[in-house]
Amino acid sequence: MNSNRNYRALRTTGGPSQTVPSASARPSSQAAVVRRGELIAKGVTRRFGSVVAVDSVSLTVKAGEIHGLIGPNGSGKTTFLNLLTGYYRVDEGQILVDAEDLTAAPVQRRPHFGIARTFQKPRLLGTLSVLDNAMLGGWEHAQSGFLETALALPRALREDREQRELATELLHGVGLGNILQRQANLLDHAEQRFLEIARGLAVRPSFILLDEPAGGLTEHEIEQLARIVITLRDCGIGVLIVEHHTDFVFRICNRVTTLNLGKMIKHGTPEEVRNDPEVIRVYLGA
Amino acid sequence: MLTAIITGLAMGAIYAAAALAYNVMYSTSKVLSITTGHIFMISGVVGAFLIGGLKLPIVVSLLGSAAAGILFGLITEIVAIRRVLSRSDEHLWLLSTLALATIFQQAVGLWWGTEPKPFPRLIPQQFTSGIWDQKFWLPIGTVAVSVICLELFYRRTLFGKIFVAVSEDAFAARARGLATDRVRAISYGIAGLLGGVAGFAAGQLTYAYFALGLSLTLNGFIALAVGGLGSNLGAVVGGVVLGLLTSIATYYFGGAYQQTIAVGLLLVFLLVKPEGLFGDKRTRHV
Amino acid sequence: MNSNLARLAALVIAVVALATLPFWAHDPYQVHLATLIGSYWVLVAGLNLVVGYTGLLSIGHVGLLAIGSYAFAILAGQHGVNPYLAMLAAGAIGGICGFVLGLPSLRLPGFYFAMATMAFSMIVSEFLLAQDTLTGGGAGTSVPAFTPPFATPNGLFWLVMLIAAIVTWLTWNVARLMWGRAAIALRDSDVAAASVGVPVFSIKLIVYTFSGITAGVAGSLFGSLQSYVTPETFNFELGLFFFICIVIGGRGAIVGPLLGTVVLTALPEVVAPLAKLGQFFYGALLLLVVLLVPEGIGNLFAILREKIRPRRLEKHVVDPDLARLTSAIRSTPVS
């Protein structure tokens, strides 16, 4: 495993890649993960009473692309994210991954379709270690049932070991490798955010949705976050970033969608969006 | 049969009072306290002690019971709620109120004894008065008056309106300068007052019995679940429904399955209409 | 490595001491007490997964213990079924009852669920009192002993220790592997749990059903030990006691609740004035723990150590290793 990793690290190129690592590098015991192409929201609408929080928004997150979602306070960004991940039901519209319709799928079903997310206020298990928290993300791929686990059958032990290895690598990858055993409630803000990203990656997602990941981070930390997100894209994951930090968004995103009062007002490349008169008016006026 | 109905109404009034107490405490703390029933129990025991043991006049004893109720309501808030609400662990208040309820119950058991003791007569009346016996009409009357007072308090007094404000949005209330801690303490005191007076009035029906607390906590909760959390009308309706149901069922089938029937009612509601008859469905926010 | 070796040594010593207890105990009462603790622990170990890990406040679990005891008494005592089969049946019945209780209740918010379990224990009491042809009503029923070699008090002790060891091993496995993390996620942040695909309801139901099985088995052992049970034996206070053992011992651990069970059962025996205070003492202790050391006394030592000699957390700067990140993500085979 060690030599394979170093070899593959040397081979890493910059662009988005759908290529499969050579068969000899694949751990034979891991089940294959389906890599999906597009997460699509079509005409998604959600009301709370008489308030239309999200008004017929359509958006596509493509694999190997970073998609930014911006808008002033109350524009419905986080609500939209919650609709994509199933915390709210849509009133109208559809949510699809490639050809599969997720609209009615409950929250805990969405990781099955390759969707992972982080939270604006990190939701961690404070009494557990950093490593345990990241390993939780691997639940989707742990097939062992209760009885198997209770009896410590080989598959349960093996899956636990695999999740531990993956989580360890991911944690080193996001920069938390030195504090694997630290209790999660002792982490500072940036560490909590990066831990959530590692946990999300342990889901082995096709799409990862980040809810205001730059909030409360220092310049240096935002820089690290940017490098991580770009790496995710280069590995073929589709990233949706809901953010306030418009500079950050314009810098790293391939496409940007702007919401205002629940409606989409502009969609395009960062250049197109940042120069759009409507967007400028909304932000300067807000 | 008429006796069964009157008994049902009287017990229903007590359950309704417990449900009201739940509501009052819940409105400012979002906590359902397990000590709710115990406040009634303590007032009943204190009342019996003051009249029967210390031979004090009825009015003084009533004040004593009310004071005991208020005191134990405040103790609940200060000891079990205040420190615990600030912690992030959601279920800690369940444990703290459970612990406090146990302490109340066992302390009374140790001091007063574990046998139910009769509560003295409050108004001179023959014991052969049948359905007109004060043990039925004292609770019914007291609770009816209490409900009216509570409604007037919420709608007509400034204090009451402050309560409503805090219960609807504690954060905004605090931002406007309201001392939510103090409001909460006062609301627990009011719930205690309710328990004190109602417990005193109901003493002849329930007897002064240390184990009454737990039973009332459960039955008051059933009334609350049936009527709907947050609704005072629901509390009254729920209490009456529960009281009548168990009383009439006991009349026809004997008292062996009283608790089972009450719980059956609860189960039906929780399965079919978990928000109760008059409660409101709440959406969760992520 | 050193501390692991020390832990292993401690475990071996404890196991040997327990196995030989009947030989070095001063009098038979100590064996009886140890057997009692063991039978309690069989229930508490299962309940620990429910309360300490999954965070479900099943305060009425004593109802399942009662069902286990009476099922065993009726099958083995009244109908002459082989006691070991009867014990297994009691476990199965306990599991079924746990399942049936959990099905409607586990979807409810915490307080509602707690009340539902409390109501359940009261219903079981009513039922046991009312169905007196089956259960002997208020007078109770006798509970048979097991067959040799477990028929004697020492024999029963060893049977209980054996089963306790098995149940401890089972729950330890669940706790340390992925299911344990999922359970803790349900306790501390079901939002996080759902976001990684943990099926909230079915996990709760499975864990709760398991705790019903252990309660049923514990009921058989407990009943046989007491040799006679009445509905009063299974009062709400006993259910509260189990609950308190777990919370005081420390949630999210196996050893803490085990020690909690041992200490809290033995304490009133050893400290006579506490026996008089009984439940009052447990309630007061629970309140103190919840207010001062909510993580449990099991974690008290760690907390004290922190206070006396705080470990300085090295200031840590996040420094991603992108190569490792890439290879970790790409190590996932793609279909």
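Student: Where do I start with the overall build of chain C in this structure?
Tutor: The helix and strand inventory of chain C stands at 17 helices and two strands. Its C-alpha atoms give chain C a radius of gyration of 22 Å, within 12% of the compact-globule value 20 Å for 335 residues. By its C-alpha atoms, chain C is 70 × 45 × 40 Å across when sized along the principal axes. Looking at chain C as a whole, 54% of its 335 residues qualify as buried. Expressed as a percentage of contacts within chain C between residues at least 6 apart in sequence, the contacts between residues at least 24 apart total 77%.

Student: Explanation requested: the overall build of chain A in the structure shown.
Tutor: When helices and strands are counted, chain A shows 10 helices and 10 strands. Out of the 286 residues in chain A, the part that is buried amounts to 49%.

Student: Mind showing me how you'd approach the sheet that holds strand β3 (residues 66-70) of chain A here?
Tutor: Backbone-to-backbone hydrogen bonds join strands into a sheet, with any given pair of strands oriented parallel or antiparallel. Residue and element names in this part refer to chain A. Spatial ordering of the open sheet is given by β6-β7-β8-β3-β9-β10, a layout of six strands whose pairing is mixed. Looking along the sheet, the strands with just one partner apiece sit at the ends: β6 (115-117) and β10 (263-268). Across this sheet, the average inter-strand angle for adjacent strands is 20°, counted without regard to direction. The sheet contacts of helix α7 (residues 219-234) involve β3, β7 (207-211) and β8 (238-242), and relative to β8 the element is tilted by about 145°.

Student: What am I meant to see in the interface of chain A and chain C here?
Tutor: The figure often quoted for interface size is the accessible area lost as the parts come together. On the chain C side, the residues contacting the 65 residues of chain A number 43 residues. Of all the secondary structure elements, the ones that give two or more residues to the side of chain A that touches chain C are α1 (2-11), α3 (130-136), α4 (146-150), α5 (154-174), α6 (189-202) and α7 of chain A. Looking at which element gives the most residues to the side of chain A that touches chain C, the answer is α5 of chain A, with 10 residues. For the side of chain A that touches chain C, the per-class residue count stands at 32 nonpolar, 17 polar and 16 charged.

Student: Looking at this structure, how should I read the packing of helix α12 (residues 236-249) of chain C against helix α13 (residues 255-270) of chain C?
Tutor: Residues and elements named next belong to chain C. One can describe the packing of α12 onto α13 by two numbers: an axis separation of 7 Å at closest approach and a directional angle of 125°. Considering their axes alone, α12 and α13 lie oblique with respect to each other. With respect to the hand of their crossing, α12 and α13 are arranged in right-handed fashion. Only Gly256, Pro257, Leu258, Leu259, Gly260, Thr261 and Leu264 of α13 make contact with α12, whose side of the interface consists of Ile244, Cys245, Ile246, Ile248 and Gly249. For the contact of α12 with α13, the residue count by class is eight nonpolar, four polar and no charged.

Student: In this structure, what is going on with unusual backbone geometry? I would like to understand it.
Tutor: Only a minority of non-glycine residues have a phi that is not negative, and only a minority of peptide bonds are not trans. Along the chain, Pro148 of chain C connects to Pro149 of chain C via a cis peptide bond; the corresponding omega equals 5°. With respect to the secondary-structure elements, Pro149 of chain C resides in the loop between β1 (141-142) and α8 (153-176). With phi around 55°, Leu261 of chain A is a residue other than glycine that occupies positive phi space. Secondary-structure assignment places Leu261 of chain A in the loop between β9 (255-260) and β10. Given 16 C-beta atoms within 10 Å, Leu261 of chain A falls into the partly exposed group. For Ser227 of chain C, which is not a glycine, the phi torsion comes out positive at approximately 60°. Taking the number of C-beta atoms within 10 Å as the measure of exposure, Ser227 of chain C has 12 and is therefore exposed.

Student: I keep staring at the sheet that holds strand β1 (residues 38-48) of chain A and nothing clicks. Help me out?
Tutor: Residues and elements named next belong to chain A. A sheet is described by the order of its strands in space; here four strands give the open sequence β2-β1-β4-β5, paired in antiparallel fashion. For this open sheet the edge positions go to β2 (51-62) and β5 (100-101), each flanked by a neighbour on one side alone. Here β1 pairs with strand β4 (residues 92-97) via five bridges, running antiparallel. Note on β4: the bridge partner recorded for Ala41 is Ile95.

Student: How should I be thinking about the environment of Phe99 of chain C in this particular structure?
Tutor: Residue and element names in this part refer to chain C. Here Phe99 is to be found in helix α5 (residues 83-105). Note on Phe99: 16 C-beta atoms within 10 Å, which makes it partly exposed. The spatial distance from the C-alpha of Phe99 to the C-alpha of Ile244 is 23 Å, given a sequence separation of 145 residues. When sequence neighbours within four positions are dropped, the list of residues in contact with Phe99 reads Leu205, Thr209 and Gly212.

Student: Before we go on, may I ask you to explain the confidence of the model for chain A in this structure?
Tutor: Atom-level detail of predicted coordinates should not be read off regions where pLDDT is low. Residues with a pLDDT of 70 or more make up 87% of chain A, whose mean pLDDT is 86. In the predicted structure, residues 1-29 of chain A sits below a pLDDT of 50 and forms 26 contacts with residues beyond four places in sequence or in another chain.

Student: Just checking my understanding: could you explain the environment of Leu56 of chain B for this structure?
Tutor: When you line up the elements, Leu56 of chain B lands in the loop between α2 (36-53) and α3 (58-85). The contacts of Leu56 of chain B, once residues within four sequence positions are left out, are Leu50, Ile51 and Ser61 of chain B.

Student: Would you take a moment to explain the pairing of β10 of chain A for this structure?
Tutor: Remark: a regular strand shows side chains that alternate across the two faces of the sheet. Residues and elements named next belong to chain A. Where β9 lies against β10, five bridges are found, and the strand directions are antiparallel. Residue pairing in the sheet places Asn260 in a bridge with Lys263 of β10. Between the end of β9 and the start of β10, which pair antiparallel, lie two residues, with Leu261 showing a positive phi angle near 55°.

Student: Would you explain the nonpolar core in this entry?
Tutor: One broad rule of soluble globular proteins: the nonpolar side chains tend to lie buried together. By size, the foremost hydrophobic cluster in this structure holds 289 residues, and its most contacted members are Leu170 and Ala198 of chain A, Ala16 of chain B together with Leu286 of chain C. For this core, the element with the most residues is helix α1 (residues 2-29) of chain B, which contributes 16 residues. For Ala16 of chain B, the residues in contact, after removing those within four places along its chain, are Val143, Ala223, Ala235, Val236, Gly238, Gly239 and Val240 of chain B.

Student: Where do I start with the packing of helix α4 (residues 62-78) of chain C against helix α11 (residues 200-226) of chain C in this structure?
Tutor: Packed helices, taken two at a time, are described by their axes: the angle between them and the distance between them. Residues and elements named next belong to chain C. Following both chains from N to C, one finds α4 and α11 inclined at 55°, their axes separated by 7 Å at the closest point. Accordingly, the angle class assigned to the pair α4 and α11 is oblique. In the crossing of α4 with α11, the sense of the turn from one axis to the other is right-handed. Only Gly212, Ala215, Gly216, Val217, Ala218, Gly219, Ser220, Phe222 and Gly223 of α11 make contact with α4, whose side of the interface consists of Leu64, Leu65, Ala66, Ile67, Gly68, Ser69, Ala71, Phe72 and Ala73. Across the contact of α4 with α11, the residue classes tally to 11 nonpolar, seven polar and no charged.

Student: How should the pairing of β8 of chain A be read in this particular structure?
Tutor: Residues and elements named next belong to chain A. In terms of burial, β8 is a largely internal element, five of the five residues being buried. Neither face of β8 is left uncovered, since the one carrying Gly238, Leu240 and Val242 and the one carrying Val239 and Ile241 both have all their residues buried. Bridge analysis of β3 against β8 gives four bridges, and the strand direction is parallel. From the neighbouring strand, Leu69 faces β8, where its bridge partner is Val242. Pairing of β7 with β8, which is carried by five bridges, proceeds in the parallel orientation. For Leu209, the partnering residue across the bridge sits in β8 and is Leu240. A crossover links β7 with its parallel partner β8, the connecting element being α7, and its sense is right-handed.

About the thresholds
- Residues numbered from 1 in each chain as written.
- Chains lettered and ligands numbered in written order.
- Predicted model: local features only at pLDDT ≥ 70, side-chain atom pairs only at ≥ 80, totals over all residues.
- Helix = DSSP H or I, 4+ residues; strand = E, 2+ residues; numbered from the N terminus.
- Rg over C-alpha atoms; globule rule 2.2 N^0.38 Å.
- Buried ≥ 20, exposed ≤ 12 C-beta atoms within 10 Å, placed from the backbone.
- Contact = placed C-beta atoms within 7 Å.
- Pairing = 2+ DSSP bridges.
- Axes fitted to C-alpha atoms, helices over the stretch in contact; angles between N-to-C directions.
- Nonpolar A, V, L, I, M, F, W, Y, C, P; charged D, E, K, R; others polar.
- Parallel < 35°, antiparallel > 145°, perpendicular 65-115°, else oblique.
- Left-handed = near helix turned anticlockwise from the far one by under 90°.
- pLDDT = per-residue confidence, 0-100.
- Core = buried A, V, L, I, M, F, W, Y, C linked by C-beta atoms within 7 Å.
- Right-handed = clockwise from strand over helix to strand, strands pointing away.

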